[in-house]
Amino acid sequence: MLTDHPDYPGWQEWRVGGEKQFNRAVLGLMLVRLDDAHRARIRIFPRELLSNSLGAIHGGAILSFIDVALFAGSSLLLGKNMANGVTVELGHQFFAPGDISRPLDAVVEVMRETGRMVFARGEVVQDDDLIGSFSGILRKIRRP
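Burial analysis of strand S4 (residues 39-44) places five of its six residues in the buried class, which makes it a mostly covered element. Hairpin connection from strand S3 (residues 30-36) to S4: two residues lie between these consecutive antiparallel strands.

What follows deals with unusual backbone geometry. Even without being a glycine, Asp-127 presents a positive backbone phi close to 55°. By the element assignment, Asp-127 lies in the loop between strand S7 (117-126) and strand S8 (129-139).

Okay, helix H2 (residues 59-78) next. Over its 20 residues, H2 runs 28 Å from end to end, which matches the ideal 28 Å to within 8%, given 1.5 Å per residue. Among the 20 residues that make up H2, 14 are buried, leaving the element largely enclosed by the rest of the structure. One or two positions beyond H2, positive phi appears at Gly-79, with a value near 70°.

Our next topic: the side chain of Gln-126. With respect to the element layout, Gln-126 can be found in strand S7. Of the polar contacts made by the side chain of Gln-126, one reaches the backbone nitrogen of Asp-99; its length is 2.8 Å. Once residues within four sequence positions are removed from consideration, Gln-126 is found in contact with Ile-57, Pro-97, Gly-98, Asp-99, Arg-102, Pro-103, Leu-104 and Ile-131.

This part is about the sheet that holds strand S2 (residues 12-14). Across the sheet, which stays open at both edges, the eight strands sit in the order S1-S2-S3-S4-S6-S7-S8-S5 with antiparallel pairing between neighbours. The open sheet is flanked by strand S1 (2-4) and strand S5 (86-94), the only strands paired with a single partner. Averaged over all neighbouring strand pairs, the angle between strand axes comes to 30°, with direction disregarded. Pairing between S5 and S8: eight bridges, direction antiparallel. Counterpart to Gly-91 in the pairing with S8 is Ser-135. Each of S1, S2, S3, S4, S5, strand S6 (104-113), S7 and S8 touches H2; the most contacted strand, S6, lies at about 50° to it.

Further remarks concern the side chain of Asp-105. Position of Asp-105 among the secondary structure elements: in strand S6. Residue Asp-105 is classed as buried on the basis of its relative accessible area, which comes to 3%. Looking at Asp-105, its side chain comes within polar contact range of the side chain of Arg-43, at 2.7 Å. When residues no more than four places from it in sequence are discounted, the contact partners of Asp-105 are Arg-41, Ile-42, Arg-43, Phe-65, Glu-123, Val-124 and Val-125.

Strand direction decides the pairing type here: S4 and S6, joined by five bridges, are antiparallel. Paired with Ile-42 across the bridge in S6 is Ala-106. With eight bridges connecting them, S6 and S7 associate as antiparallel partners. Considered in S7, the bridge of Val-107 is made with Glu-123. Connecting S6 to the antiparallel partner S7 that follows it, the hairpin turn spans three residues.

Cut-offs used in this document
Residues numbered from 1 in each chain as written. Predicted model: local features only at pLDDT ≥ 70, side-chain atom pairs only at ≥ 80, totals over all residues. Heavy atoms only, no water. Buried < 20%, exposed > 50% of the residue type's maximum accessible area, 1.4 Å probe, protein only. Helix = DSSP H or I, 4+ residues; strand = E, 2+ residues; numbered from the N terminus. Pairing = 2+ DSSP bridges. Expected span 1.5 Å × (residues − 1). Polar contact = N/O pair within 3.5 Å; in protein donor to acceptor, adjacent residues only side chain to side chain. Contact = heavy atoms within 4.5 Å. Axes fitted to C-alpha atoms, helices over the stretch in contact; angles between N-to-C directions.

Written as structure tokens, this is what we have:
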């Protein structure tokens, strides 16, 4: 699921699902790293497929990215695979359009973990530009 990426020192590739499944087929290459003990950074590289009619990153693509980033970030911060969980709630506020030509980052922070739930929040950024903020609740699913 995590492998060091040779082209991006300090980053690991988050590989969940097959090449034809949503994460990799639509969002493309997804990189992850810990910024510090409390924040994980998840990065994608937008391409035309993710653009809207105005040439910015489509809001639905940003929401999809946030949904996946919540699991990737929580997995890194908690040291456990959250990829088999489900989203219970996702809230987002858009502040600015995303630039299709620059990497898009989600900075995730876990606020609380219980036996079955993870509560997280974060920001979507491009360099120093704040694109939006989000919060989410994830439910852990135990595999039989």
